[in-house]
Amino acid sequence: MSNPLSGPAGQNQPGAAGGRRLPTKPNGWPIGSYNTYAEAQRAVDYLSDQQFPVENVTIVGVDLMQVERITGRLTWGRVLGAGAGSGAWLGLFLGLLVGLFVGGGDALFSTVIAGVIGGVIFGLITTAVPYAASRGTRDFSSTMQLVAGRYDVLCDPHHAEQARDMLARLNIQ
């Protein structure tokens, strides 16, 4: 995936602050409109397969929405279990690092065990305190996504007619 702030092939926009390209509104003529990003991506991939200069094409998400999908109910058991689990992994990692570079040899096992125990305690505290502070106002877990109502494919005006004709053949197939 490319960085949206970098220009094509690493070029920078002239006059941009610090030599970085700043976000700008997309321009070009519409050559297709799709309900999903996968469909828009398929259209651009088709153009690329047909040797079309796709550096003149932009996919634009229109009618953006922030969607929060609820994944489950939070309970003290789930909160503390997740905290202990993530803390154990962190403690294992730190215990291995310390054991390999400082202790080594016979002390490695005891250093790793101490790291895991410390990590579990740290994980329990760092998850229990915020959950208790919320006082039940958010007893669910969720994920956030930014989605678009539709995805328009735009093209530089000099190539738009050719791209539109090529995409018309894609829809026939």
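The chain is annotated in an unreviewed UniProt entry as Magnesium transporter of Tsukamurella strandjordii.

A.B. asks: How should I be thinking about the overall build of the chain in this particular structure?
C.D. replies: The number of helices and strands found in the chain is four helices and three strands. Secondary structure of the chain in N-to-C order comes out as β-α-β-α-α-β-α. Within the span of the chain, comprising 173 residues, buried residues form 23% of the whole. Pairs at least 24 apart in sequence give 80% of the contacts found in the chain among residues at least 6 apart. Here the chain has roughly 12,000 Å² of accessible surface; of this, 60% comes from carbon and sulfur atoms.

A.B. asks: Help me understand the sheet that holds strand β1 (residues 29–34) in this model?
C.D. replies: What holds strands together in a sheet is hydrogen bonding between their backbones, with the strands either parallel or antiparallel. If you walk across this open sheet you meet the three strands as β1-β3-β2, and the pairing is antiparallel. With one partner strand each, in any of the chains shown, β1 and β2 (57–73) form the two edges of the open sheet. In this sheet, adjacent strand axes meet at a mean angle of 30 degrees when their direction is disregarded. Examined bridge by bridge, β1 and strand β3 (residues 140–155) share five bridges and lie antiparallel to one another. Within β3, the residue paired with tyrosine 34 across the bridge is tyrosine 151. Here helix α1 (residues 37–49) sits on the sheet in contact with β1, β2 and β3, set at roughly 145 degrees to β2.

A.B. asks: What exactly am I supposed to notice about the pattern of salt bridges here?
C.D. replies: Side chains that differ in sign of charge can pair as their charged atoms come close. Under the counting rule described, the total for this entry stands at three salt bridges. For arginine 138, the salt bridge goes to glutamate 68, with nearest N and O atoms at 2.5 Å. In this pair, arginine 138 sits in the loop between α3 (107–134) and β3 while glutamate 68 sits in strand β2, placing the two residues 70 residues apart along the sequence. When its relative accessible area of 32% is taken as the criterion, glutamate 68 is described as partly exposed. Here arginine 150 ties to aspartate 152 by a salt bridge, and the two come within 3.0 Å at their closest N and O atoms. Each of Asp63, Arg150 and Asp152 takes part in a single network of salt bridges with overlapping partners.

A.B. asks: Could you clarify how one ought to interpret the UniProt feature "transmembrane region" (unreviewed entry) in the chain in this entry?
C.D. replies: Residues annotated by UniProt as "transmembrane region" (unreviewed entry) correspond here to residues 79–102 and 108–133. Span residues 79–102 is 100% helix and 0% strand, its end C-alpha atoms 33 Å apart. Segment residues 108–133 splits into 100% helix and 0% strand. End C-alpha atoms: 38 Å apart.

A.B. asks: Would you take a moment to explain a nonpolar patch on the surface for this structure?
C.D. replies: A cluster of nonpolar residues, Leu90, Phe93, Leu94, Leu96, Leu97, Val98, Leu100, Phe101, Val102 and Phe122, forms a patch on the protein surface that exposes about 1,000 Å² of accessible area. Tracing the backbone through its elements, the reader meets leucine 94 in helix α2 (residues 76–103). Look at leucine 94 and you get partly exposed, because its relative accessible area is 43%.

A.B. asks: Quick question: what am I supposed to make of α1 here?
C.D. replies: Because an α-helix packs 3.6 residues into every turn, residues spaced three or four apart end up facing the same way. Compared with an ideal rise of 1.5 Å per residue, which puts 13 residues at 18 Å, α1 spans 18 Å between its outermost C-alpha atoms and is within 8% of the ideal. Taken together, the buried positions of α1 are occupied by Ala40, Ala43, Val44, Tyr46 and Leu47. The arc enclosing the buried residues of α1, seen along the axis, measures out at 155 degrees, which places them on a common side. Away from the buried face of α1 by more than 90 degrees, exposed residues Ala38 and Arg42 are located. Backbone geometry just after α1 places glutamine 51 at a positive phi near 65 degrees.

A.B. asks: I would appreciate a short explanation of the nonpolar core in the present structure.
C.D. replies: Taken as a class, soluble globular proteins show a tendency for nonpolar side chains to be buried jointly. Ranked by size, the top nonpolar core spans 18 residues in total, and within it Ile31, Leu47, Phe52, Val57, Val153, Cys155 and Leu167 carry the most contacts. Setting aside residues no more than four positions away along its own chain, cysteine 155 makes contact with Gly28, Trp29, Ile31, Phe52, Asn56, Val57, Ala160 and Ala163.

Cut-offs and rules
Residues numbered from 1 in each chain as written. Predicted model: local features only at pLDDT ≥ 70, side-chain atom pairs only at ≥ 80, totals over all residues. Heavy atoms only, no water. Helix = DSSP H or I, 4+ residues; strand = E, 2+ residues; numbered from the N terminus. Buried < 20%, exposed > 50% of the residue type's maximum accessible area, 1.4 Å probe, protein only. Contact = heavy atoms within 4.5 Å. Areas by Shrake-Rupley, 256 points an atom, 1.4 Å probe, with all protein chains shown as cover. Pairing = 2+ DSSP bridges. Axes fitted to C-alpha atoms, helices over the stretch in contact; angles between N-to-C directions. Salt bridge = Lys/Arg side-chain N within 4 Å of Asp/Glu carboxyl O. UniProt positions renumbered as here; feature names shortened; annotations may be inferred. Patch = residues over 30% accessible without salt bridge, like charges linked within 9 Å, V, L, I, M, F, W, Y side chains within 5 Å. Expected span 1.5 Å × (residues − 1). Arc of directions from axis to C-beta. Core = buried A, V, L, I, M, F, W, Y, C linked by side-chain atoms within 4.5 Å.

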